[in-house]
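Here's the letter readout for the chains.
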Number of protein chains: 2
Amino acid sequence: MISRPPRPRERGIPEATVARLPVYLRALQALQDKDILTVSSEALATAAGVNSAKLRKDLSHLGSYGTRGVGYEVEYLVYQISRELGLTQDWTVAIVGLGNLGRALANYGGFGSRGFRIAALLDTDPSVVGGSVAALEVRHIDNLEEVVRSEGVSIGVIATPAASAQGVAGRFVEAGVTSILNFAPVVLSVPEGVDVRKVDLSIELQILAFHAQRRADGDGRGTEQAGLGLK
Amino acid sequence: MISRPPRPRERGIPEATVARLPVYLRALQALQDKDILTVSSEALATAAGVNSAKLRKDLSHLGSYGTRGVGYEVEYLVYQISRELGLTQDWTVAIVGLGNLGRALANYGGFGSRGFRIAALLDTDPSVVGGSVAALEVRHIDNLEEVVRSEGVSIGVIATPAASAQGVAGRFVEAGVTSILNFAPVVLSVPEGVDVRKVDLSIELQILAFHAQRRADGDGRGTEQAGLGLK
DNA sequence: ACGTGTGAACACATTCACAGCT
DNA sequence: AGCTGTGAATGTGTTCACACGT
């Protein structure tokens, strides 16, 4: 008899919702900058590029933070979302690989804007190590374990060539880092309990190409898509 | 010679499948480089980081390209996926904004590797315009419309500051570009029929932070091996 | 014997539409 | 009267498990 380990219904926020919370947060902060104190689901949804039913459902997972007949208090919602996302505490980041992309990341202002602090830059290339990027010294990757410990790094960013990425991931994991953001075009293999997110530029382009092609062969010229688009 | 596939193709591949095809394609190309001719769904799934049932279902949307009892012929599958994604034709790309990120994109080799050609780099900054990045001259953004027309640009990449992104998007759309890859942290508003994909570094970090926080304070529920009781 | 291809079951996500509070 | 919060309905995606072709 095979009983499947039941996924315990841990009362959690749906993944799709989590992915949108940062978007809502950004929209709310833009409203704050304009000194707007209150916002309806309809208005906030428009600013965030979603529909209002989805927004309300998403927010309902955090709690009842709106007022019926009125809307949401901007400042309060900013705080609640920030807290839910874990942005009320600081997260320390290390970036490995300081090619063009790594440099871009290190210099990216919005990065450190709230909650994220870049604590270390690491590379292997002797022509890069010892130099300085974004007012930080680039250290040799041999210091990874020590830096993770001394700086309390909790998020590792991998911006190396594909061939080095798995090795770096392994060292991060070994050093106790359980959150990894991977820009290298490889599938990383990590133990259970380690969270890897991937950002892949060429995959995004390929998805765009797919849709563009579909649009192109569906309509020869402004015709709507009819069935039987035989080749 | 290439015989025409006898299988009629359905229109409408699920979006989730489309997003994974590039991953399969990359895994298959890695197998090709190792001179592997045939692969099972199990092996390919492992290389792509998914389970085999999902892989088979995904591939079944393209047609019946496997052989029962054997597996998939690597080269044939590479061709079929490439064709489905529209990579058998060339796509011309223009990048706007040559700050750190734009430069990284322009220099990113994998970009142009297959099917994508960077035809133009555009910026407003006088200290950048006229200079050269990745062996291409950076032109002033006033040339956008002309470049789109003369080079046949079909994909626009926006790597500008947030404040400029909507304006650039509008000009792309006006010039006839219907596929946009946006790296600026704003929600772009575009007409129906224009496809926008967003890559947002700080959103990815925030999602990681959410899960990291959950792991840290959820404790009891999870039975995964904790790496270092670092709290 | 083996691994693909797929209907059926299940899980997750979105949208609808309206009850309920202010 | 107006807008949130939410069950119910619908749509999309994933996993199971096995029939079927090689």
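Scroll up to find the structure.
Residues numbered from 1 in each chain as written. Chains lettered and ligands numbered in written order. Predicted model: local features only at pLDDT ≥ 70, side-chain atom pairs only at ≥ 80, totals over all residues. Heavy atoms only, no water.

Enquirer: Mind showing me how you'd approach the side chain of B:Ser41 here?
Expert: Residue and element names in this part refer to chain B. Among the secondary structure elements, Ser41 is positioned in helix H2 (residues 41-48). Among the residues examined, Ser41 registers a relative accessible area of 11% and is labelled buried. Among residues more than four places away in sequence, those in contact with Ser41 are Ser52, Leu55, Arg56 and Tyr72. (Helix = DSSP H or I, 4+ residues; strand = E, 2+ residues; numbered from the N terminus. Buried < 20%, exposed > 50% of the residue type's maximum accessible area, 1.4 Å probe, protein only. Contact = heavy atoms within 4.5 Å.)

Enquirer: Just to check I follow, could you spell out the packing of helix H2 (residues 41-48) of chain A against helix H3 (residues 52-60) of chain A for this structure?
Expert: The axes of two packed helices give the description: the angle between them and the distance between them. All names here are of chain A. Packing of H2 against H3 leaves a shortest axis separation of 8 Å and a crossing angle of 100°. Classified by the interaxial angle, the pair formed by H2 and H3 is roughly perpendicular. Packed against H2, whose contacting residues are Ser41, Glu42, Leu44 and Ala45, the element H3 presents Ser52, Leu55 and Arg56 at the interface. (Axes fitted to C-alpha atoms, helices over the stretch in contact; angles between N-to-C directions. Parallel < 35°, antiparallel > 145°, perpendicular 65-115°, else oblique.)

Enquirer: What is the right way to look at the protein's contact with DNA strand D in this model?
Expert: Taken together, 25 residues form the shell around DNA strand D, and within it A:Ser41, A:Arg56, A:Tyr72, B:Arg20 and B:Asn51 come nearest. Backbone atoms, meaning sugar and phosphate, form 61% of the atoms of DNA strand D found within 4 Å of the protein. Here a phosphate oxygen of DNA strand D sits 2.9 Å away from a polar atom, N or O, in the main chain of A:Gly66. At 3.4 Å from a base nitrogen of DNA strand D is found a main-chain nitrogen or oxygen belonging to B:Gly69. (Near = heavy atom within 4 Å. Polar contact = N/O pair within 3.5 Å; in protein donor to acceptor, adjacent residues only side chain to side chain.)

Enquirer: Please clarify how the relation of the copies chain A and chain B should be interpreted in this entry.
Expert: Two copies of a chain can be linked by a rotation about an axis combined with a shift along that same axis. The transformation that overlays chain A on chain B combines an axial shift of 0.0 Å with a rotation of 180°, and the residual RMSD is 0.0 Å. The relationship between the two copies is best expressed as a two-fold rotation axis. Taken as a fraction of all interface residues of chain A, those also at the interface in chain B reach 86%, which identifies the copy contact as same-surface. (Least-squares fit on C-alpha atoms with pLDDT ≥ 70 in both.)

Enquirer: What exactly am I supposed to notice about the interface of chain A and chain B here?
Expert: How large an interface is tends to be reported as the accessible area lost when its parts come together. On the chain B side, the residues contacting the 69 residues of chain A number 65 residues. Of the roughly 6100 Å² buried between chain A and chain B on both sides combined, carbon and sulfur atoms contribute 62%. Counting the contacts that link chain A with chain B gives 7 salt bridges. Of the charged contacts in the structure, one is a salt bridge between B:Arg26 and A:Asp200, with a shortest N-O distance of 2.5 Å. At the junction of chain A and chain B, the tally comes to 17 residue pairs in polar contact (both at pLDDT 80 or more). Put simply, the parts of the chain that give the side of chain A that touches chain B at least two residues each are helix H1 (15-33), H2, helix H4 (74-85), helix H5 (100-107), helix H6 (109-113), strand E9 (179-182), strand E10 (195-198) and helix H9 (201-218) of chain A. At 17 residues, H9(A) tops the list of elements feeding residues into the side of chain A that touches chain B. (Buried area = accessible area lost by both parts, 1.4 Å probe. Salt bridge = Lys/Arg side-chain N within 4 Å of Asp/Glu carboxyl O.)

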